[in-house]
Amino acid sequence: MNRGAAAVLVAHGTRKPGGVAMVEELARRVGDVLDREVHVAFVDVLGPTPTEVLDRLPAHRPAVLVPAFLAGGYHVRVDVPAHVQASTHPDVTVTRPLGPCAGAVRVIADRLFESGWRPGDSVILAAAGTSDRSAQSDLRQTAAMLSALIGDRVELGYAATGAPTVADAVEAARARSGGARLAVASYLLADGLFQDRLRAAGADIVSEPLGIHPGMIRLIASRFRRAQAAQLSRAA
């Protein structure tokens, strides 16, 4: 990646220290791939905010900001652009979020395999949830992509906003499963309160967050590189 551009990874934020450490480790590993530092910002719960990070960067260097969100909800559509606008940085490119996309779905499937999932297990894709219709559509698309990849039906459940909750989805799936095992596929980036809710929902197995899976590192690095290439093309 061209050393003239700054890289910023923007995540939601969590009060769980392990979740914060995971985001920072993810940024470090992406930075190793790009051969440069990747700065971390958070839009909620803790700082620094994207505005604060952008204001610390040299104004004469362009910046690339990757929203580490798995659907195009409120934080992507409203919060991130507002932080960019509030900053003093004159040249910021914001990429697409991390989902929905085939790369993220492959990571979900890998995490499911790691957790002990077997063909025939009932699967619930567990997202944080959203009231944003566009993001809801993104989540349904991700569930359909995962279903096609693993060859089994995938239901949606939500850890925070939306219905059914993950616990309700597990209960409903158990009632119609005829004794099949129930697997919750975590569609969360980092460990935290929402992942704790998945573990407490009553499923037989729960996969780990997407986290620092090599597929996520490649996906984020690709977002930075594509934005960098577009910047260089515009400047030519």
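Residues numbered from 1 in each chain as written. Predicted model: local features only at pLDDT ≥ 70, side-chain atom pairs only at ≥ 80, totals over all residues. Heavy atoms only, no water.

### A look at the packing of helix H4 (residues 102-115) against helix H5 (residues 133-150)
For clarity, the cut-off: All axes here are fitted lines through C-alpha atoms, helices being fitted over the stretch that makes contact, and every angle between N-to-C directions spans 0 to 180 degrees. Only DSSP runs of H or I with at least four residues qualify as helices, and only runs of E with at least two residues qualify as strands; both kinds are numbered from the N terminus onward. What sets the label is the angle itself: under 35 degrees gives roughly parallel, over 145 gives roughly antiparallel, 65 to 115 gives roughly perpendicular, and the rest give oblique. Here is the rule for handedness: rotate from the far helix to the near one, and if that takes an anticlockwise turn smaller than a right angle the crossing is left-handed, while a clockwise turn gives right-handed. By definition, residues are in contact when any of their heavy atoms lie within 4.5 Å. As a working rule, the residues Ala, Val, Leu, Ile, Met, Phe, Trp, Tyr, Cys and Pro are called nonpolar, Asp, Glu, Lys and Arg charged, and the rest polar, with Gly in that last group.
Between H4 and H5, whose axes approach to 10 Å, the crossing angle comes to 60 degrees. Considering their axes alone, H4 and H5 lie oblique with respect to each other. Helix-helix and strand crossings are classified by hand; for H4 and H5 the assignment is right-handed. Judged by residue contacts, Ala-102, Val-105, Arg-106, Ile-108, Ala-109 and Leu-112 of H4 engage Thr-142, Met-145, Leu-146, Leu-149 and Ile-150 from H5. Of the residues assigned to the contact of H4 with H5, the class counts are 9 nonpolar, 1 polar and 1 charged.

### Comments concerning the side chain of His-213
Put simply, the test is: Exposure classes here rest on a 1.4 Å probe applied to the protein chains alone. A residue is buried below 20% of its type maximum, exposed above 50%, and partly exposed in between. By the criterion applied in these results, polar contacts are pairs of N or O atoms within 3.5 Å in which, for protein atoms, one can donate a hydrogen and the other can accept it, and in which residues neighboring in sequence qualify only through two side-chain atoms.
With respect to the element layout, His-213 can be found in the loop between strand E8 (205-206) and helix H8 (214-235). A relative accessible area of 8% means that His-213 is categorised as buried. A distance of 2.8 Å separates a polar atom in the side chain of His-213 from the backbone nitrogen of Gly-215. If sequence neighbours within four positions are ignored, His-213 has contacts with Val-107, Asp-110, Arg-111 and Glu-114.

### Points about the packing of aromatic side chains
Note the cut-off: To pair, rings of Phe, Tyr and Trp, with the six-membered ring standing in for Trp, must have centres within 6.5 Å; the planes then decide the type, stacked if under 30 degrees apart, edge-to-face if over 60, and tilted in the middle.
Here the structure, examined in full by the defined rule, presents 1 aromatic pair. Between the aromatic rings of Phe-113 and Trp-117, the centroid separation amounts to 5.1 Å while the plane-to-plane angle is 80 degrees, which identifies the pairing as edge-to-face.

### Side note on the layout of surface pockets
Where we set the bar: The distinction between a cavity and a pocket rests on a 1 Å grid over the protein atoms alone: a 1.4 Å probe fits inside a cavity but cannot get out, while a pocket stays open yet meets protein on both sides within 12 Å along at least five of seven lines, and a residue with an atom within 4 Å of a point counts as lining. Grid points are joined across faces, edges and corners, and a volume is the space filled by probe spheres set on the points. Domain limits in this description derive from either an automatic procedure or a database domain assignment.
Taken as a whole, the largest pocket holds about 920 Å³ of empty space. If you go around the largest pocket, you meet 39 residues; those closest to its centre are His-12, Phe-69, His-75, Ala-128 and Phe-194. Going through the elements one at a time, helix H1 (17-34), helix H3 (74-86), strand E5 (122-129), H5, strand E6 (154-161) and helix H7 (193-199) are the ones with two or more residues in the lining of the largest pocket. When the residues that make up the lining of the largest pocket are grouped by side-chain class, the tally is 22 nonpolar, 12 polar and 5 charged. Summarising the domain contributions, the lining of the largest pocket has at least three residues from each of domain 1 (6-99 + 213-235) and domain 2 (102-206).

### Overview of the sheet that holds strand E2 (residues 38-42)
Paired through their backbone hydrogen bonds, the strands of a sheet run either parallel or antiparallel. Under the convention used in this document: Whether two strands pair depends on DSSP finding at least two bridges between them.
Across the sheet, 4 strands lie side by side as E2-E1-E3-E4; this open sheet has parallel pairing. The open sheet is flanked by E2 and strand E4 (92-94), the only strands paired with a single partner. Across the sheet, the mean angle separating the axes of adjacent strands is 25 degrees when strand polarity is ignored. Where strand E1 (residues 6-11) meets E2, 5 bridges bridge the pair, whose relative direction is parallel.

### As for the sheet that holds strand E7 (residues 182-186)
Spatial ordering of the open sheet is given by E6-E5-E7-E8, a layout of 4 strands whose pairing is parallel. The open sheet terminates on both sides in strands that have one partner only, identified here as E6 and E8. Across 5 bridges, E5 lies against E7 in parallel orientation. When the bridges of E7 are listed, Ser-122 appears paired with Leu-182. The sheet contacts of H4 involve E5, E7 and E8, and relative to E7 the element is tilted by about 135 degrees.

### Topic: the environment of Ala-185
Note on placement: Ala-185 falls in strand E7. Counting along the chain gives 172 residues from Ala-185 to Gly-13, while the straight-line C-alpha distance between them is 21 Å. When residues no more than four places from it in sequence are discounted, the contact partners of Ala-185 are Ile-108, Leu-112, Val-123, Ile-124, Leu-125, Ala-126, Leu-146 and Ser-207.

### Digging into the domain arrangement of the protein chain
Short version of the rule: Buried area, as used here, totals the accessible surface that two parts lose on assembly, with accessibility defined by a 1.4 Å probe and the loss added over both. Whenever a carboxyl oxygen of Asp or Glu lies within 4 Å of a side-chain nitrogen of Lys or Arg, that contact is scored as a salt bridge.
Split by domain assignment, the protein chain resolves into domain 1 (6-99 + 213-235) and domain 2 (102-206). Summarising the inter-unit geometry, the C-alpha centres of domain 1 and domain 2 are found 26 Å apart. The interface of domain 1 with domain 2 comprises 19 residues on the first partner and 18 residues on the second. Buried surface at the junction of domain 1 and domain 2, summed over both partners, amounts to about 1,400 Å²; 66% is from carbon and sulfur atoms. Contact with domain 2 buries area across many residues of domain 1, yet Lys-16, Leu-70 and His-213 alone supply 41% of it, more than any other trio. There are 3 salt bridges connecting domain 1 and domain 2. Between Asp-132 and Arg-77 there is a salt bridge whose closest N-O contact spans 2.3 Å. Here domain 1 is connected to domain 2 by 5 residue pairs in polar contact (both at pLDDT 80 or more).

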